[in-house]
Amino acid sequence: MSKWRNGIIFALIIIIALITIWFNWPESSQTVTKQEADCKGEVRAEQGYCAPNFTLPTLDGKQQVELYKHQGKPTVVNFWASWCEPCRQEMPDFQEAYLKYKDQVNFLMINEAALEFDDEAAYQYLQEEKFTFPALIDRPDDKNKTVGASQYGVIGVPFTYVIDVDGKVAYKKVGYTSNKELEQWIEQVINK
């Protein structure tokens, strides 16, 4: 009798396990969100080309951020300096867009350290204005080159790029970016 009981219990356990596996098995049609860009094509900081990948530290130095590791979202990249008046004019619009779109779009606000008068200026400026978007710092390397200048052709600030989810440059703007332009670009890359 106990043999039968043990056999029935074992059979029930197997049946429950199979049912659990059946209902939790992933469907082949499920979408997998890309966590990294896998851009195919020529790398150039120009519209329609693969954006140059980079890794830069956050302004506070606590972490490294890589452009192509974007959690499946497009990215707004803005090169700026704290003394730059057009940069200061557009920063509130970038903050507003960041708050509105941060779940759909990455924002990488890159301070061009080579253009700053001192290392603390950028950090102080962001603190005073209470900006919360991710801020990175682009310090010159041992050959005195920055990511902005050597990979993106940044010769002045502000300089803005919008990179789509595939890693391609969707928009590029030298100079002040209006709130209207920024919103248009963002809406177009998230609805692509």
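Keep in mind that what you see is a predicted model, and the values were worked out from it rather than measured. (Residues numbered from 1 in each chain as written. Predicted model: local features only at pLDDT ≥ 70, side-chain atom pairs only at ≥ 80, totals over all residues. Heavy atoms only, no water.)

## Observations regarding the state of the cysteines
Scanning the model with the defined rule gives two disulfides in all. Between C84 and C87 runs a disulfide, and the two sulfur atoms are separated by 2.5 Å. Taking the torsion about the sulfur-sulfur bond, which here is approximately 80°, the covalent link between C84 and C87 counts as right-handed. Here C87 falls in the buried class, since its relative accessible area comes to 1%. Ordinal numbering of bonded cysteines along the chain defines a disulfide pattern of 1-2, 3-4. (Disulfide = S-S within 2.5 Å. Buried < 20%, exposed > 50% of the residue type's maximum accessible area, 1.4 Å probe, protein only.)

## A short note on helix α5 (residues 179-190)
Its twelve residues place the ends of α5 16 Å apart at the C-alpha level, agreeing with the 16 Å of an ideal helix rising 1.5 Å per residue. Listed in full, the buried residues belonging to α5 are L182, E183, W185, I186 and V189. The arc that holds every buried residue of α5, seen down its axis, measures 165°, which confines them to one face. Buried positions along α5 lie against β3 (75-80), α2 (85-101), β4 (106-112), β6 (159-163) and β7 (169-174). (Helix = DSSP H or I, 4+ residues; strand = E, 2+ residues; numbered from the N terminus. Expected span 1.5 Å × (residues − 1). Arc of directions from axis to C-beta. Contact = heavy atoms within 4.5 Å.)

## What about the packing of aromatic side chains?
If you walk through the whole model with that rule in mind, you get eleven aromatic pairs. Taking 5.2 Å as the distance between ring centres and 20° as the angle between the ring planes, the aromatic pair formed by F131 and F133 counts as stacked. On the accessibility criterion, F133 (5% relative accessible area) is buried. Here the aromatic residues F54, F79, Y152, F159 and Y161 are joined through ring pairs into a cluster of three or more. The ring centre of Y49 lies 4.2 Å from the NZ or CZ of R44, which sits over that ring. (Phe/Tyr/Trp six-rings, centres within 6.5 Å; stacked < 30°, edge-to-face > 60°. Lys NZ or Arg CZ within 6 Å of the ring centre and 35° of its normal.)

## Section: the layout of surface pockets
The probe, sized like a water molecule, is rolled over the atoms to show the empty space still left. Here the largest pocket defines a volume of roughly 480 Å³. Forming the boundary of the largest pocket are 27 residues, of which T58, T132, F133, P134 and A135 lie nearest the centre. For the lining of the largest pocket, the secondary-structure elements that each account for two or more residues are β2 (64-66), β4 and α3 (120-129). (1 Å grid on protein atoms, 1.4 Å probe; cavity = no way out; pocket = protein on both sides within 12 Å on 5 of 7 lines; lining within 4 Å. Points joined across faces, edges and corners; volume = space filled by probe spheres on them.)

## Side note on the pairing of β4
Within β4, seven of the seven residues are buried, which leaves it mostly tucked inside the rest of the structure. Two elements, β3 and β4, share six bridges in a ladder whose sense is parallel. Across the sheet, the residue bridging to T75 is N106, located in β4. You can see the chain leave β3, run along α2 and come back into β4, and the turn it takes is right-handed. Note: β4 against strand β5 (residues 135-138), four bridges, orientation parallel. Bridge pairing in β5 links I110 to L136. At this point the chain moves from β4, through α3, to the parallel β5, and the crossover so formed is right-handed. (Pairing = 2+ DSSP bridges. Right-handed = clockwise from strand over helix to strand, strands pointing away.)

## Here we look at empty space enclosed by the protein
In this structure the tally under the stated criterion is one cavity of 30 Å³ or more. Each pocket or cavity is described by its volume, and for the largest cavity that value is around 30 Å³. Lining the largest cavity are ten residues; nearest its centre among them are L67, H70, T75, I163 and D164.

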